[in-house]
Amino acid sequence: QVQLVESGGGLVQPGGSLRLSCAASGSTNSIFLMAWYRQAPGKQRELVAAVTRTNITNYGESMKGRCTITRDNAKNTVYLQMNSLKSEDTAVYFCNADLSLSPYGPRFAWGQGTQVTVSS
């Protein structure tokens, strides 16, 4: 089993920055990549950024150029640095792990989410 715990969300003014963290525990050697998704009320969950174990990154369109995903394999932790935040970035941000390196169990693990609110 893999457990994911997000932290770092909160209230920030437009134009501000936040750094989210996601710590993975359990069978972490099954993780192929980790990613950040977000979901606002009434909207579908969307990819923000993803990073593989070998440090290949992929970014969704909505925050491309305004965020950077990094990982620390030794700490089993992934980070999302968000800058120039806008009100439309307000959402619950979820950490995701692709467990493709294990032939057993679920394909994905999800954290509980951390609320990011961008408002004056």
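Each remark here, short or long, concerns the structure printed above.
The notes below deal with the structure included here. None of these values were measured; they are calculated from a predicted model.

**A few points about the sheet that holds strand β1 (residues 2-7)**
Stage number 1. The strand order β1-β3-β8-β7 describes an open sheet built from four strands, whose pairing is antiparallel. At either end of the open sheet lies a strand with only one pairing partner, and these are β1 and β7 (67-72). Put simply, the sheet's adjacent strands are angled 15 degrees from each other on average, direction ignored.
Stage number 2. By the bridge criterion, six bridges tie β1 to strand β3 (residues 18-26) in an arrangement that is antiparallel. Across the sheet, Val2 pairs through a bridge with Gly26, a residue of β3.

**A look at the state of the cysteines**
Stage number 1. Overall, the coordinates contain one disulfide when judged by the stated rule.
Stage number 2. Disulfide pairing is shown between Cys22 and Cys95; the S-S distance is 1.9 Å. The disulfide joining Cys22 to Cys95 has a torsion of about -85 degrees about its S-S bond and is therefore left-handed. One end of the pair, Cys22, is in strand β3; the other, Cys95, is in strand β9 (residues 91-98), and 73 residues separate them in sequence.
Stage number 3. For Cys22, a relative accessible area of 0% puts it in the buried group.
Stage number 4. The buried category is assigned to Cys95, whose relative accessible area is 0%.
Stage number 5. Its sulfur unpaired, Cys67 is 14 Å from the next cysteine sulfur, which belongs to Cys95.

What counts, and where the lines are drawn
- Residues numbered from 1 in each chain as written.
- Predicted model: local features only at pLDDT ≥ 70, side-chain atom pairs only at ≥ 80, totals over all residues.
- Heavy atoms only, no water.
- Pairing = 2+ DSSP bridges.
- Helix = DSSP H or I, 4+ residues; strand = E, 2+ residues; numbered from the N terminus.
- Axes fitted to C-alpha atoms, helices over the stretch in contact; angles between N-to-C directions.
- Disulfide = S-S within 2.5 Å.
- Buried < 20%, exposed > 50% of the residue type's maximum accessible area, 1.4 Å probe, protein only.

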